[in-house]
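Commentary on secondary and tertiary structure
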Amino acid sequence: HKYSNNCTAECENGCGTANPNYADHVYSGIYDVECDVCSAKRVIEGMPAADSELTIAQAIELGVGVGYNCYTEGKYYVTGKITEVYNTTYGNLYITDGENTFTVYGLYDGNGTRYDAMTEKPEAGMTIKVYGIIGNYNGTAQMKNGDLISMEGGCAHEYEFECSTTCSKCGYGE
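Fair warning: this is a prediction, and the values are worked out from it, not measured in the lab.

Attention now moves to the environment of Y115. Secondary-structure assignment places Y115 in the loop between β4 (101–108) and β5 (126–137). Residue classification places Y115 among the buried positions, given a relative accessible area of 4%. Taking C-alpha positions, Y115 is 10.0 Å from D147, a pair spaced 32 residues apart along the chain. Sequence-distant contacts of Y115, that is, excluding residues within four places in its chain, are made with V85, T88, T89, Y90, G91, L107, K121 and P122. In terms of polar contacts, Y115 uses its side chain to reach the backbone carbonyl oxygen of P122, at 2.8 Å.

Encoded structure:
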């Protein structure tokens, strides 16, 4: 008899013999759509539809729910205020809704330009809308390689002295 894995219920030669090691499909999280053993797909009730706008709380729930080190197949929109850009090469940053904080791991403009090469970069204090896949990296919900859809607000930088390189209002340039 031939069984390619434990997710195969019957012999693949067509004889109908049951697989003695058969087990249900294995999924890493409540929103994981692909079996960890055989890659079988499943439909999940309650999973947000791709291209939906999510609150930060919903994005965190989805990210944690897809399973450890897994990502959604579809992309989602998330809006929040930047609290910190912690990597200015790739545009890794944190956004918040005032209660929850969500990680954006890598930011690109609509043309595929990485954060460090953008002519106008979003900064701490600005509100941005991003679009990308959501997942779980080592237990932390995040958006990976998000596309910047819009940005607004922020600080109209003020410098105490003409030769200052640090904004006296927000600390930009430190």
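This brings us to the nonpolar core. One finds V78, L93, I95, F102, L107 and I134 to be the most contacted residues of the largest nonpolar core, which totals 23 residues. Residue contributions to this core peak at four residues, all from strand β2 (residues 76–87). Residues in contact with F102, not counting those within four places in the same chain, are I56, A59, I60, V78, L93, Y94, I95, I134, A141, Q142 and M143.

This part is about the pattern of salt bridges. Taken as a whole, this structure holds two salt bridges when the rule is applied. The partner of E53 in a salt bridge is K129, and the shortest N-O contact between them spans 2.9 Å. In this pair, E53 is assigned in strand β1 (residues 53–54) and K129 in strand β5, connecting sequence segments 76 residues apart. On the basis of relative accessible area, E53 is assigned to the exposed category, the value being 53%. Between R114 and D116 there is a salt bridge whose closest N-O contact spans 2.8 Å. When its relative accessible area of 32% is taken as the criterion, D116 is described as partly exposed.

Moving on: the side chain of D109. By secondary structure assignment, the location of D109 is in the loop between β4 and β5. For the buried residue D109, which engages in no salt bridge, the nearest side chain bearing the opposite charge is K121, 10 Å off. Separated by 2.8 Å, the side chain of D109 and the backbone nitrogen of N111 make a polar contact. One polar contact links the side chain of D109 to the main-chain amide nitrogen of T113, over a distance of 2.9 Å.

Next up on the list: unusual backbone geometry. Glycine aside, a negative phi is what most residues show, and trans is what most peptide bonds show. The phi dihedral of N69 falls on the positive side, at around 55°, and the residue is not glycine. Mapping N69 onto the fold places it in the loop between α1 (56–65) and β2. Residues other than glycine seldom take positive phi values, yet N138 does so here, at roughly 50°. Within the secondary structure, N138 is located in the loop between β5 and β6 (140–153). For N138, a relative accessible area of 41% puts it in the partly exposed group.

All chains considered together, the criterion is met by two aromatic pairs. Both rings, one in Y77 and one in Y131, keep their centres 4.4 Å apart while their planes meet at 35°; by these two values the pair is tilted. Here Y131 lies in strand β5 and Y77 lies in strand β2, a separation of 54 residues in the sequence. The exposure class assigned to Y77 is partly exposed, which follows from its relative accessible area of 24%. On the basis of relative accessibility, which here comes to 17%, the residue Y131 falls in the buried class. A centroid spacing of 4.7 Å and a plane angle of 25° characterise the contact between Y86 and Y94, whose relative ring orientation is stacked. For Y94, a relative accessible area of 27% translates into the label partly exposed. Taking the ring centre of Y77 as reference, the NZ or CZ of K129 above it sits at 5.5 Å.

Scoring rules and cut-offs
Residues numbered from 1 in each chain as written. Predicted model: local features only at pLDDT ≥ 70, side-chain atom pairs only at ≥ 80, totals over all residues. Heavy atoms only, no water. Helix = DSSP H or I, 4+ residues; strand = E, 2+ residues; numbered from the N terminus. Buried < 20%, exposed > 50% of the residue type's maximum accessible area, 1.4 Å probe, protein only. Contact = heavy atoms within 4.5 Å. Polar contact = N/O pair within 3.5 Å; in protein donor to acceptor, adjacent residues only side chain to side chain. Core = buried A, V, L, I, M, F, W, Y, C linked by side-chain atoms within 4.5 Å. Salt bridge = Lys/Arg side-chain N within 4 Å of Asp/Glu carboxyl O. Lys, Arg positive; Asp, Glu negative; His and termini not counted. Phe/Tyr/Trp six-rings, centres within 6.5 Å; stacked < 30°, edge-to-face > 60°. Lys NZ or Arg CZ within 6 Å of the ring centre and 35° of its normal.

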